[in-house]
Amino acid sequence: MTPTAALLAFCVAAGILTLTPGLDTALVLRTSAVEGGRRALLAGLGICAGCLVWGVVVALGLGSLLAASQTAYDVLRICGAAYLFYLGIKLLWRTLRRHGGGDVRARAAGLAAPVSGTGAQWFARGCLTNVLNPKVGVFYVTFLPQFIPAGVSVLGFSLLLAGLHALMGVLWFAMLVAATRPLSRWLQHPTVLRSLDGLTGTVFLAFGLKLALERR
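These numbers were taken from a predicted model, which means no experiment stands behind them.

## Thoughts on the overall build of the protein
The secondary structure content of the protein amounts to 11 helices and 0 strands. The N-to-C order of helical and strand elements in the protein reads α-α-α-α-α-α-α-α-α-α-α. Residues classed as buried in the protein amount to 44% of the 216 residues present. Pairs at least 24 residues apart make up 86% of the contacts formed inside the protein by residues separated by at least 6 positions. Per element, the accessible surface of the protein, about 10,800 Å² overall, is 73% carbon and sulfur.

## Concerning the packing of helix α1 (residues 3–19) against helix α9 (residues 154–180)
Each pair of packed helices gets described by two things: the angle between the helix axes and the distance between those axes. Close contact between α1 and α9 brings their axes to 10 Å; oriented N to C, the two are set at 40°. Relative to α9, α1 is oriented so that their crossing is right-handed. Here Pro3, Ala6, Leu7, Phe10, Cys11, Ala14, Gly15, Leu17, Thr18 and Leu19 of α1 come into contact with α9, specifically with Phe157, Leu160, Leu161, Leu164, His165, Met168, Gly169 and Trp172. Its residues assigned to classes, the contact of α1 with α9 comprises 14 nonpolar, 4 polar and no charged.

## Some points on the environment of Leu155
With respect to the secondary-structure elements, Leu155 resides in helix α9. What makes Leu155 partly exposed here is its relative accessible area of 39%. Once residues within four sequence positions are removed from consideration, Leu155 is found in contact with Ala59 and Leu60.

## Some thoughts on the side chain of Thr31
Positionally, Thr31 belongs in helix α2 (residues 23–34). On the accessibility criterion, Thr31 (0% relative accessible area) is buried. When residues no more than four places from it in sequence are discounted, the contact partners of Thr31 are Gly36, Arg39, Ala40, Ala43 and Trp122.

## Observations regarding the confidence of the model for the protein
Predicted confidence across the protein gives a mean pLDDT of 81, with 85% of residues reaching 70 or more. Confidence over residues 102–115 falls short of pLDDT 50; this stretch has 14 contacts with residues more than four positions distant or in other chains.

## Points about the pattern of salt bridges
What the rule picks out here adds up to 2 salt bridges. Here Asp74 and Arg77 are joined by a salt bridge, their closest N and O atoms 3.1 Å apart. Of this pair, Asp74 and Arg77 both sit in helix α5 (residues 70–99), 3 residues apart, which is roughly one turn of the helix.

## Section: the state of the cysteines
If you walk through the whole model with that rule in mind, you get 0 disulfides. Cys48 supplies the cysteine sulfur nearest to Cys51, a cysteine that is in no disulfide, at a spacing of 5.9 Å. The class of Cys51 is buried, set by a relative accessible area of 9%. For Cys127, which is in no disulfide, the shortest distance to another cysteine sulfur is to Cys51 and amounts to 9.2 Å.

## Notes on the packing of helix α3 (residues 37–59) against α9
At their nearest, the axes of α3 and α9 sit 9 Å apart, and the two run at 165° to each other. The pairing of α3 with α9 is recorded here as roughly antiparallel in orientation. The element α3 and its partner α9 pack so that their crossing is right-handed. Taken together, the residues of α9 that come into contact with α3 (itself represented by Gly37, Ala40, Leu41, Gly44, Leu45, Ile47, Cys48, Cys51, Leu52, Gly55, Val56 and Ala59) are Leu155, Ser158, Leu159, Ala162, Gly163, His165, Ala166, Gly169, Val170, Phe173, Ala174 and Val177.

## Notes on helix α7 (residues 119–131)
With 13 residues, α7 should reach 18 Å at 1.5 Å per residue; the first-to-last C-alpha distance of 18 Å fits that figure. Listed as buried for α7 are Gly119, Trp122, Arg125, Gly126, Cys127, Thr129 and Asn130.

Cut-offs applied
Residues numbered from 1 in each chain as written. Predicted model: local features only at pLDDT ≥ 70, side-chain atom pairs only at ≥ 80, totals over all residues. Heavy atoms only, no water. Helix = DSSP H or I, 4+ residues; strand = E, 2+ residues; numbered from the N terminus. Buried < 20%, exposed > 50% of the residue type's maximum accessible area, 1.4 Å probe, protein only. Contact = heavy atoms within 4.5 Å. Areas by Shrake-Rupley, 256 points an atom, 1.4 Å probe, with all protein chains shown as cover. Axes fitted to C-alpha atoms, helices over the stretch in contact; angles between N-to-C directions. Left-handed = near helix turned anticlockwise from the far one by under 90°. Nonpolar A, V, L, I, M, F, W, Y, C, P; charged D, E, K, R; others polar. pLDDT = per-residue confidence, 0-100. Salt bridge = Lys/Arg side-chain N within 4 Å of Asp/Glu carboxyl O. Disulfide = S-S within 2.5 Å. Parallel < 35°, antiparallel > 145°, perpendicular 65-115°, else oblique. Expected span 1.5 Å × (residues − 1).

Below, the structure is given as structure tokens:
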């Protein structure tokens, strides 16, 4: 397989992976609807940065440790599950508060809904959802080597593939954010906000539970 053929094959496979709905998509859509497009893009950039982190780890050969060591995998798995539980419970708590009428009364008084966290915090949230997920690391360990042709620098080509995957993610998240902007007024309705937070929080808890109970 030539480098060009490898790049084309990787772009097809990574493109399908990027478009497949999952935790990342839920995070960006919910952030765009509730916190605004800027924070959603920062969350998306954080997610893509997490992919780059795993790409560097795999390129340096450290990812093999995660794939081979059950202890290392379990430590990262529990940390990732705990983080997803934290995010999910936080969103569900916001749903209960909104259901109690606090946000509705604030809106009736002409006050904007409080923004949860700075842009840097949303970037960190997006990044941590990938960095603390050992499934992403194991996936990169098994996925990237398939597209590295003979005769190229393993480190350089691995970083190139990870960069391409991250770029696809940035473009996809930008499209998701742009798609939600025309609906921003409707998405800011208290009932819709409660539904979005409840649904996203449930998704986070489900992913966290799945990660916590997973066995290799």
